Amino acid sequence: MANQNSFPLYQKHWYNHTYKRVTESLLLVLLLLQLGYRAISVSNYSFPWFLAFVCESWFTISLFFTLSTQWSPAEIKTYPERLLQSVQEVPAVDMFVTTADPVLEPPIITVNTVLSLLALDYPPHKLACYVSDDGCSPLTFYALQEASKFAKFWVPFCKKYDVQVRAPFRYFSAKPQVSTPTNTPEFKQEWLQMKNMYDDLSQKIELETSQKSNPSHGDFSVFSNTERTNHPSIIKVIWENKEDLEDGLPHLIYISREKRPKHSHHFKAGAMNVLTRVSGLITNAPFMLNVDCDMIVNNPKIVHHALCILLDPKGQKEVAFAQCPQQFYATLKDDPFGNQMAILMKVIEIKY
Ligand SMILES: O=c1ccn([C@@H]2O[C@H](COP(=O)(O)OP(=O)(O)O[C@H]3O[C@H](CO)[C@@H](O)[C@H](O)[C@H]3O)[C@@H](O)[C@H]2O)c(=O)[nH]1
Ligand SMILES: [Mn+2]
């Protein structure tokens, strides 16, 4: 628990939104009046009348929800440097990743998400990463095994050069960061080595995917005679930081929960339930971090930021969970559908 007398670990700044509130409330009133008019003119019913009524109802409902969710927007500023002063020891965190289908969610994507978690700027002996595989796929398991071997090189590289986006496919496709000493021969050499190792990893996974021959020997024998919706539990510790080394890698655990055709598996919620139960028996950390398999972490200090909110004396009373805004990669050129929420990100300067 954070020291009660220390500075706050986060501050919330509300935006002055009066103008927006007034104009949007006025719009809502006008739409309600319009619906009222429809109600009294129901005798003029015709097909265009009905169509207009449906559209106006939809606008009204969507404006109502927009208004209520955006009534008091605020920015939360966290102070991670204060966190380290106010707690004697940072708490353990269990990190959960869910994947469900090796075709729709290719294992290389899950691997990148997992690598971005394993490389977080947080004491590795306080972290454990649990991957739930609802696809019960030996390919996903294989990809994670290979990823854990690659992580032994990737994680130290990220920490040494303070890489910001620690999912290799994003890192290698972006321009080098300004803070990175890109001109030193040492960096150039290590960068190239890492890139080659990552390309090897991708190719291995690609090859295994294209071969379509599910391995059934050794570690993989548990997958033989399994169907996606009919199999016993499979739990495999891929990597264990046995000596709790402070410069080691976090534990990595693969879980494919039991499924039977007659029992509902409750999708992601069911997977999360099993993840909390299994992690409860293995590491039982007081905090959990959850990402979908295609949601890389793009801020290596994210656990610190979240803990600022959750460990602050005020936050402890008021906050149950902290959620980061999402930014989407691989969107269409110029983002015609606004998926990147560029305006939101730039105007209110969301930091992570
Ligand atoms: O039987 C299932 C189905 C899904 N998932 C996982 O759940 C996550 C979300 O499922 P997805 O179908 O990808 O939904 P999205 O619309 O992409 O995700 C958003 O919407 C979901 C609820 O609809 C939330 O749970 C997610 O966190 C949120 O990102 C993914 O990691 C899946 O692998 C499972 O583990 N088991
Ligand atoms: Mn998804």
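No experiment lies behind these values; they were computed from the predicted model shown.

## Looking at the UniProt feature "binding site: UDP-alpha-D-glucose" (unreviewed entry) in the protein
Right, so step 1: When the UniProt feature table is mapped onto this chain numbering, "binding site: UDP-alpha-D-glucose" (unreviewed entry) sits at Glu105 and Asp134. Look at the named residues: they lie 30 residues apart in sequence, but the longest C-alpha span between them is just 11.2 Å, so in the fold they bunch up.
Right, so step 2: Take Glu105: it is sitting in the loop between β3 (93-99) and α4 (107-118).
Right, so step 3: Those residues in contact with Glu105 that lie beyond four places of it in its chain are Thr99, Ala100, Thr110, Cys293 and Asp294.
Right, so step 4: The residue Asp134 is located in the loop between β4 (127-133) and α5 (138-160) in this model.

## Points about the UniProt feature "binding site: Mn(2+)" (unreviewed entry) in the protein
Right, so step 1: Residues annotated by UniProt as "binding site: Mn(2+)" (unreviewed entry) correspond here to Lys268 and Asp292. For this annotated set, covering 25 residues, all C-alpha atoms fall within 9.2 Å of each other, a compact arrangement in space.
Right, so step 2: Within the secondary structure, Lys268 sits in helix α8 (residues 267-282).
Right, so step 3: Its location among the elements puts Asp292 in strand β7 (residues 287-292).
Right, so step 4: Residue class for Asp292 comes out partly exposed when judged on the 16 C-beta atoms lying within 10 Å of it.

## Structural notes on the site of ligand 1
Right, so step 1: Taken together, Thr98, Thr99, Ala100, Glu105, Ser132, Asp134, Phe267, Lys268, Ala271, Asp292 and Cys293 make up the full set of residues adjacent to ligand 1.
Right, so step 2: Broken down by secondary-structure element, the contributors of at least two residues to the shell around ligand 1 are β3 and α8.
Right, so step 3: Among the elements that line the shell around ligand 1, the one with the most residues is α8, at three residues.
Right, so step 4: Class assignment for the residues of the shell around ligand 1 results in four nonpolar, three polar and four charged.

## Things to note about the sheet that holds strand β6 (residues 251-256)
Right, so step 1: Strand order in the open sheet formed by five strands is β5-β6-β4-β3-β7, with mixed pairing between adjacent strands. Strands at the two margins of the open sheet, each flanked by one partner only, are β5 (234-239) and β7. Put simply, the sheet's adjacent strands are angled 20° from each other on average, direction ignored.
Right, so step 2: Pairing between β3 and β7: six bridges, direction parallel.

Each value, and the rule that gives it
Residues numbered from 1 in each chain as written. Chains lettered and ligands numbered in written order. Predicted model: local features only at pLDDT ≥ 70, side-chain atom pairs only at ≥ 80, totals over all residues. UniProt positions renumbered as here; feature names shortened; annotations may be inferred. Helix = DSSP H or I, 4+ residues; strand = E, 2+ residues; numbered from the N terminus. Contact = placed C-beta atoms within 7 Å. Buried ≥ 20, exposed ≤ 12 C-beta atoms within 10 Å, placed from the backbone. Near = placed C-beta within 6 Å. Nonpolar A, V, L, I, M, F, W, Y, C, P; charged D, E, K, R; others polar. Pairing = 2+ DSSP bridges. Axes fitted to C-alpha atoms, helices over the stretch in contact; angles between N-to-C directions.

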